[in-house]
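One-letter residues, chain by chain:
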Amino acid sequence: MAHQILEANQGAHDLVLLGIPTRGVPLAHRLATVMDQVEGVRVPVGALDVTMYRDDLRRQPTRAVGRTDLPVEVEGRTVVLVDDVLYSGRTVRAALDALGDLGRPRAVRLAVLVDRGHRELPVHADHVGSYVPTRPGEHVSVRLAELDGINRVTIEPGNGPERGEV
Amino acid sequence: MTDLLIRGADLVGGGRSDLLIRDGRFVDPRDADGDVDQLDADGLVALPGLVDLHTHLREPGREDAETVDSGTMAAARGGFTAVLAMANTDPVTDTAEAAAYVASLGARDGHADVVPVGAVSKGLAGVELAELGLMARSSAGVRVFSDDGHCIADARLMRRALEYVRAFDGVIAQHAQDPKLAGAGACCHEGVISGKLGLPGWPAAAEAAVVARDVQIAELTRSRLHICHVSCAETVDVIRWAKQRGINVTAEVAPHHLMLTTSEVVGYDPTYKVNPPLRPDEHVEAVREALADGTIDAVATDHAPHARHDKEHAFADAAFGMLGLETALAVVLETMINSGRMGWPELVKRMSIMPAHIARLAGQGRALGAGEPANVVLVDPAARAVVERDASASLSRNNPWHGRELPDPVVATIWAGRITYQKER
Amino acid sequence: MRHLLSAADLDRDQITEILDLAEEMSLVQGRPVKKLPALRGRTVVNLFFEDSTRTRSSFEIAGKWLSADVINISAKGSSVSKGESLRDTVLTVAAMGVDALVIRHYASGAPWQASRWIDAHVLNAGDGTHEHPTQALLDAFTIRRHLRRSVADQSSFEGKTVAIVGDITHSRVARSNVLLLNTMGAEVILVAPPTLLPSGIDSWPVLVCTDFDQVLARADIVMMLRVQRERMSGGYFPTPREYTIGYGLTRPRLAAMKPGAAICHPGPMNRGLEISADAADAANSLILDQVAAGVSVRMSVLYELLGGAE
């Protein structure tokens with residue numbers, strides 16, 4: 001994925017990686033590390049919390065808010081949003097709204113580890129780690145060593161045993 | 001009017017007996033002839049009609065909160081056949097004309113004897129004596145004088161007043177509240193709760209210090225002094241000391257101070273805002289003991305009706321006072337008789353005989369016997385009910401007992417031979 | 001959370017959550033677009049029965065930066081004198097369809113009474129001499145940042161001593177701070193002349209000292225309270241001079257403070273009375289930080305009350 005992003009951007013200039021909490025953040029850091037190894041450039045990495053911009057805020061008890069950490073201004077830069085799973089697309093829409101209040105990037109790209117389909121909004125990912133067909137009731141669980149101790153993606157039905165590892 | 005025969009009532013200290021009422025007086029029950037109304041009092045106790053030394057009837061001036069009609073109706077429901085109406089009306093009862101007017105309202109609209117209390121000072125301002133003598137000579141025959149609502153803070157004025165009323169056997173009833181220790185804003189017993197809640201404190205010392213001063217003046221002037229709404233242990237101690245010395249002081253306690261404590265104000269509900277304030281347990285205990293042993297001579301309701309819009313303010317802004325006429329006997333029955341602190345004879349003394357004596361009301365607090373005025377209340381000691389404020393005869397609803405389960409003793413009240421209240425069976 | 005009436009309404013976890021969220025909210029101030037959409041379509045009314053430009057505008061900005069519609073109603077002047085009961089005033093405002101009522105009142109307890117009469121969320125912005133929970137929260141926010149600056153990664157209040165100095169009796173800031181600091185595990189010492197200590201203070205979870213100098217060597221935070229000159233007419237202390245010498249944060253006292261200790265003051269200050277100019281402007285003064293914290297903390301609280309499902 002890191003190679004793809006660099007290729008699409010023709011290098012690392014003006015790139016900034018923003019992970020969407022929670023698991024988008026360590027993924028963004030991993031991408032930055034790989035990019036450093038490849039290009040020898042430290043691409044700025046940060047986090048963009050989108051809780052306040054969710055369209056379902058009022059339907060649930062008050063949600064806890066995550067950290068937003070902008071290493072640089074987004075103005076005029078190419079922002080790559082990084083998340084673990086792309087599903088309905090609503091999180092990304094919220095991220096675009098959040099980004100809009102922070103400045104005007106030159107371009108915004110989306111990189112996700114898993115695209116599980118079932119979009120509810122016209123959102124698409126530019127860089128995808130893996131396409132995983134799922135049924136709507138199923139739950140895709142991404143575990144990362146930085147947070148969960150292991151790296152594993154699993155698909156679980158609503159209740160019941162895991163269908164399998166990917 | 002037809003005769004009324006009350007059958008089988010338990011006369012306190014006198015066993016079961018019939019009572020026959022003719023033309024407003026008791027006559028020998030054996031005199032009963034055929035044409036007579038009957039009231040079955042089997043299982044009921046007959047008490048002399050209760051006398052309230054301290055009521056606020058609000059008329060003239062605040063007829064939206066209470067009138068002589070509604071207030072005495074509430075009194076009748078509470079078993080009272082006489083009420084003393086405090087002077088802080090609008091206009092203040094500080095002249096013979098004003099006193100006669102209140103008395104006339106009582107005669108016209110009252111469901112009990114209405115005896116006006118005269119102000120001690122003009123306009124209750126605490127500066128100059130009001131026309132005490134003229135009020136005494138008026139048709140109202142005022143004998144009890146009080147600036148209640150305000151403390152007579154000026155020692156010289158208190159002295160003059162006490163001396164002056166000796167000429168006609170009057171009594172000065174003091175609302176003891178040192179204005180420098182507990183100002184107009186003081187609204188919560190000064191202690192842990194007032195400190196936590198941020199409410200201006202009303203220390204016990206503000207009451208006791210004034211009483212301590214006044215009993216000295218009463219001793220000096222050899223006059224009759226009465227202390228309104230005693231609320232704290234320190235005051236009880238002072239009164240006990242004074243009585244031992246032979247000082248002519250009497251005292252009253254309000255039902256709410258016999259049962260409710262300062263913890264009621266924790267929610268900032270102005271229903272519990274009253275002057276003097278509700279006190280902690282140890283003070284409630286002290287006044288109960290004092291009422292039992294006679295240091296406190298009487299129960300007086302300090303019935304203080306308020307329109308809703310005068311209570312529905314922030315606690316510190318709300319009016320002071322609670323309703324009390326309809327529930328007084330119930331509260332005393334619960335706290336003093338059912339708890340074993342007192343028996344019926346003491347209750348009769350505290351709620352009828354002594355108040356009538358202090359107020360010099362010849363026709364009240366009498367024995368239930370032939371020749372006496374027929375002021376009697378029939379009481380069921382065992383009945384209980386949940387207090388419902390909207391069922392009150394008062395025009396006001398500031399009732400601290402709402403929702404509480406209390407005795408519901410009054411079955412019938414008879415005033416001057418007429419039934420002023422009868423509970424639906 | 002339905003209402004925020006008292007600092008005692010919050011446990012340690014809730015307080016931490018509010019402070020953490022306030023850190024996030026504080027970033028909004030530096031953005032080109034000072035807006036978060038979280039409270040869009042919500043209506044917040046500031047119902048102030050007592051003047052306070054500072055607190056009111058702090059709540060106003062907080063609400064607006066969260067995209068709420070904010071209305072200010074000044075009900076100053078005793079409602080008693082205007083003939084309208086508190087209940088009528090509150091019900092009238094609520095009937096307009098508000099989601100939250102931020103109430104400041106000159107009488108203790110008014111927000112509690114209001115919360116019994118209406119369905120909307122009630123936020124206590126200061127009631128009489130009783131409580132001021134958002135002030136205590138912003139004080140805690142400021143103190144926590146200070147603690148983190150001094151020792152990296154340290155943000156625990158445990159083992160820290162906060163001295164609150166001044167007119168405790170009439171201070172809602174003191175009451176709320178005592179409750180909140182206790183919940184966070186700090187030790188609280190109250191310093192005042194005996195006439196300015198509330199009744200029943202022995203039952204409070206605090207140490208009490210009438211000698212300011214004794215306390216200085218121990219305090220990690222010295223929180224000075226405003227003393228009103230009007231208190232002199234109540235005879236609480238003889239002269240301002242005597243008050244300053246006994247209980248003011250004078251230059252010598254500033255120098256005697258523990259190394260690393262900091263100064264707080266809820267404002268507005270009486271320079272020269274309870275706090276010397278030197279102390280107000282000292283390097284270890286957090287007073288301006290407190291002011292800046294107000295908006296972030298109030299944004300955080302408004303979000304907690306209104307940001308989720310009803």
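What you see is a predicted model; the values in this text were computed from it and never measured.

The rules we used
- Residues numbered from 1 in each chain as written.
- Chains lettered and ligands numbered in written order.
- Predicted model: local features only at pLDDT ≥ 70, side-chain atom pairs only at ≥ 80, totals over all residues.
- Helix = DSSP H or I, 4+ residues; strand = E, 2+ residues; numbered from the N terminus.
- Rg over C-alpha atoms; globule rule 2.2 N^0.38 Å.
- Buried ≥ 20, exposed ≤ 12 C-beta atoms within 10 Å, placed from the backbone.
- Contact = placed C-beta atoms within 7 Å.
- Nonpolar A, V, L, I, M, F, W, Y, C, P; charged D, E, K, R; others polar.
- Domains from an automatic or database assignment.
- Pairing = 2+ DSSP bridges.
- Axes fitted to C-alpha atoms, helices over the stretch in contact; angles between N-to-C directions.
- pLDDT = per-residue confidence, 0-100.
- Parallel < 35°, antiparallel > 145°, perpendicular 65-115°, else oblique.
- Left-handed = near helix turned anticlockwise from the far one by under 90°.
- Expected span 1.5 Å × (residues − 1).

## Focus on the overall build of chain B
Okay, so step 1: Looking only at helices and strands, chain B has 12 helices and 20 strands in total.
Okay, so step 2: Radius of gyration (C-alpha) of chain B: 20 Å, near the 22 Å computed for a compact globule of 425 residues.
Okay, so step 3: Seen through its principal axes, chain B has C-alpha atoms that stretch 65 × 45 × 45 Å.
Okay, so step 4: A burial count over chain B gives 61% of its 425 residues as buried.
Okay, so step 5: The contacts of chain B with a sequence gap of at least 6 include a subset with a gap of at least 24, amounting to 75%.

## Here's the deal with the overall build of chain C
Okay, so step 1: In terms of helices and strands, chain C carries 12 helices and nine strands.
Okay, so step 2: In terms of C-alpha radius of gyration, chain C reaches 19 Å, essentially the compact-globule figure of 19 Å for 310 residues.
Okay, so step 3: The dimensions of chain C, computed from C-alpha atoms along their principal axes, are 55 × 50 × 35 Å.
Okay, so step 4: Burial status across chain C gives 52% buried among its 310 residues.
Okay, so step 5: Of the contacts made within chain C by residues no fewer than 6 positions apart, 75% connect residues no fewer than 24 positions apart.

## Digging into the interface of chain B and chain C
Okay, so step 1: The interface of chain B with chain C comprises 19 residues on the first partner and 23 residues on the second.
Okay, so step 2: The greatest single-element share of the side of chain B that touches chain C, amounting to five residues, is contributed by helix α5 (residues 192-197) of chain B.
Okay, so step 3: Looking at the side of chain B that touches chain C residue by residue, the classes come out as seven nonpolar, eight polar and four charged.

## Points about the domain arrangement of chain B
It is common to give the size of an interface as the accessible area that goes away when the parts come together.
Residue and element names in this part refer to chain B.
Okay, so step 1: We note that the domain assignment places domain 1 (3-45 + 373-386 + 405-422) and domain 2 (49-358) within chain B.
Okay, so step 2: Contacts between the two partners involve 17 residues from domain 1, matched on the other side by 18 residues from domain 2.
Okay, so step 3: When its residues are assigned to classes, the side of domain 1 that touches domain 2 shows 12 nonpolar, four polar and one charged.

## Describing the sheet that holds strand β9 (residues 144-146) of chain B
Residue and element names in this part refer to chain B.
Okay, so step 1: Read from one edge of the open sheet, five strands run β9-β10-β13-β14-β15, paired in parallel fashion. Each edge of the open sheet is held by one strand with a lone partner, namely β9 and β15 (298-299).
Okay, so step 2: As judged from the three bridges shared by strand β10 (residues 171-174) and strand β13 (residues 225-227), these two strands associate in the parallel manner. Looking at the pairing, Ala 173 lines up with His 226 of β13.
Okay, so step 3: Of the strands in this sheet, β9, β10 and β13 touch helix α4 (residues 155-165), which is tilted by about 145° from β10.

## Quick word on the interface of chain A and chain C
Okay, so step 1: Counting residues at the interface gives 17 residues for chain A, matched by 16 residues for chain C.
Okay, so step 2: Classifying every residue of the side of chain A that touches chain C by side-chain character gives seven nonpolar, four polar and six charged.

## Topic: the environment of Tyr 421 of chain B
All names here are of chain B.
Okay, so step 1: Following the sequence through the fold, Tyr 421 ends up in strand β20 (residues 418-422).
Okay, so step 2: With 23 C-beta atoms counted inside 10 Å, the residue Tyr 421 sits in the buried group.
Okay, so step 3: It is 8.9 Å that separates the C-alpha atoms of Tyr 421 and His 111, two residues lying 310 residues apart in sequence.

## Some details on unusual backbone geometry
All names here are of chain B.
Okay, so step 1: Note that the residue after Glu 59, namely Pro 60, is joined by a cis bond; omega there is 5°.
Okay, so step 2: When you line up the elements, Pro 60 lands in the loop between β6 (50-55) and α1 (68-77).
Okay, so step 3: The linkage connecting Asn 275 with the following residue, Pro 276, adopts the cis geometry, with an omega of -5°.
Okay, so step 4: Position of Pro 276 relative to the elements: it lies in the loop between α8 (255-259) and α9 (281-293).
Okay, so step 5: Phi at Leu 124 takes a positive value of approximately 60°, unusual for a residue other than glycine.
Okay, so step 6: Mapping Leu 124 onto the fold places it in the loop between β8 (113-116) and α3 (132-137).
Okay, so step 7: Exposure remark for Leu 124: the 21 C-beta atoms within 10 Å place this residue in the buried category.

## Remarks on the confidence of the model for chain C
Okay, so step 1: Taken over all residues, the pLDDT of chain C has a mean of 93, while the share at 70 or more is 95%.
Okay, so step 2: Two summary scores accompany this predicted model of the complex, namely pTM at 0.91 and ipTM at 0.91.

## Focus on the packing of α4 of chain B against helix α6 (residues 204-221) of chain B
All names here are of chain B.
Okay, so step 1: Between α4 and α6, the shortest axis-to-axis distance is 10 Å and the interhelical angle comes to 40°. Here α4 lies oblique to α6, going by the angle between them. Every pair of crossing elements has a handedness; the one defined by α4 and α6 is right-handed. In this structure, α4 contributes Ala 155, Met 158, Arg 159, Leu 162 and Glu 163 to the contact, and α6 contributes Arg 213, Asp 214, Ile 217, Ala 218 and Thr 221.
Okay, so step 2: Grouping the amino acids of the contact of α4 with α6 by side-chain chemistry returns five nonpolar, one polar and four charged.

## A short note on α6 of chain B
Residue and element names in this part refer to chain B.
Okay, so step 1: Here α6 spans 26 Å end to end across 18 residues, near enough to the 26 Å set by a 1.5 Å rise per residue.
Okay, so step 2: Within α6, burial applies to Ala 204, Ala 206, Glu 207, Ala 208, Ala 209, Val 210, Val 211, Asp 214, Val 215, Ile 217, Ala 218 and Thr 221.
Okay, so step 3: Lining the buried residues of α6 we find α4, β10, β12 (201-202), β13, α7 (233-244) and β14 (249-253).
Okay, so step 4: In the segment just after α6, Arg 222 is the residue with positive phi, at about 55°.

## Focus: the domain arrangement of chain C
Residues and elements named next belong to chain C.
Okay, so step 1: As far as domains go, chain C holds domain 1 (7-132 + 293-306) and domain 2 (133-290).
Okay, so step 2: Each of domain 1 and domain 2 has a C-alpha centre, and the two are 25 Å apart.
Okay, so step 3: With 24 residues of domain 1 at the contact, the number on the domain 2 side is 23 residues.
Okay, so step 4: Of all the secondary-structure elements, those providing two or more residues to the side of domain 1 that touches domain 2 are α1 (12-26), β4 (121-127) and α12 (287-306).
Okay, so step 5: Tallied by class, residues from the side of domain 1 that touches domain 2 come to 11 nonpolar, seven polar and six charged.

## Quick look at the pairing of strand β5 (residues 45-48) of chain B
Residue and element names in this part refer to chain B.
Okay, so step 1: Side chains of β5 alternate between two faces, with Val 45 and Leu 47 and Ala 46 and Pro 48 buried alike.
Okay, so step 2: The pairing of strand β1 (residues 3-11) with β5 spans two bridges and is classified as parallel. Each bridged residue has a counterpart across the sheet, and for Leu 11 the counterpart in β5 is Ala 46.
Okay, so step 3: Examined bridge by bridge, β5 and strand β16 (residues 376-379) share four bridges and lie antiparallel to one another. Each bridged residue has a counterpart across the sheet, and for Pro 48 the counterpart in β16 is Val 376.

## Focus: the arrangement of the chains
Okay, so step 1: Among two pairs of chains with at least one contact, chains B and C form the most extensive contact set.
Okay, so step 2: The two units chain A and chain B remain apart, with a minimum C-alpha distance of 28 Å.

## What about the sheet that holds strand β1 (residues 43-48) of chain C?
Residues and elements named next belong to chain C.
Okay, so step 1: Pairing within the open sheet is parallel, and its four strands lie in the order β2-β1-β3-β4. What marks the edges here is a single partner per strand, and that holds for β2 (69-74) and β4. Across the sheet, the mean angle from the axis of one strand to that of its neighbour is 15°, orientation sign disregarded.

## Section: the environment of Ser 138 of chain B
Residue and element names in this part refer to chain B.
Okay, so step 1: Inspection of the secondary structure assignment puts Ser 138 in the loop between α3 and β9.
Okay, so step 2: Classification of Ser 138 as buried rests on a count of 20 C-beta atoms within 10 Å.
Okay, so step 3: Each C-alpha atom of the pair Ser 138 and Ala 99 lies 7.5 Å from the other, and the pair is 39 residues apart in sequence.

## Here we look at α12 of chain C
Okay, so step 1: Here α12 of chain C spans 29 Å end to end across 20 residues, near enough to the 28 Å set by a 1.5 Å rise per residue.
Okay, so step 2: The element α12 of chain C is extensively covered by neighbouring structure, given that 15 of its 20 residues are classed as buried.

## Concerning the packing of helix α6 (residues 133-150) of chain C against α12 of chain C
All names here are of chain C.
Okay, so step 1: Relative to each other, α6 and α12 sit at 120°, their axes nearing to 8 Å. In this structure, α6 meets α12 at a crossing whose hand is right-handed. Here Thr 134, Leu 137, Leu 138, Asp 139, Phe 141, Thr 142 and Arg 145 of α6 come into contact with α12, specifically with Asp 289, Gln 290, Ala 293, Gly 294, Val 297, Arg 298 and Val 301.
Okay, so step 2: The residue inventory of the contact of α6 with α12, partitioned by class, reads six nonpolar, four polar and four charged.

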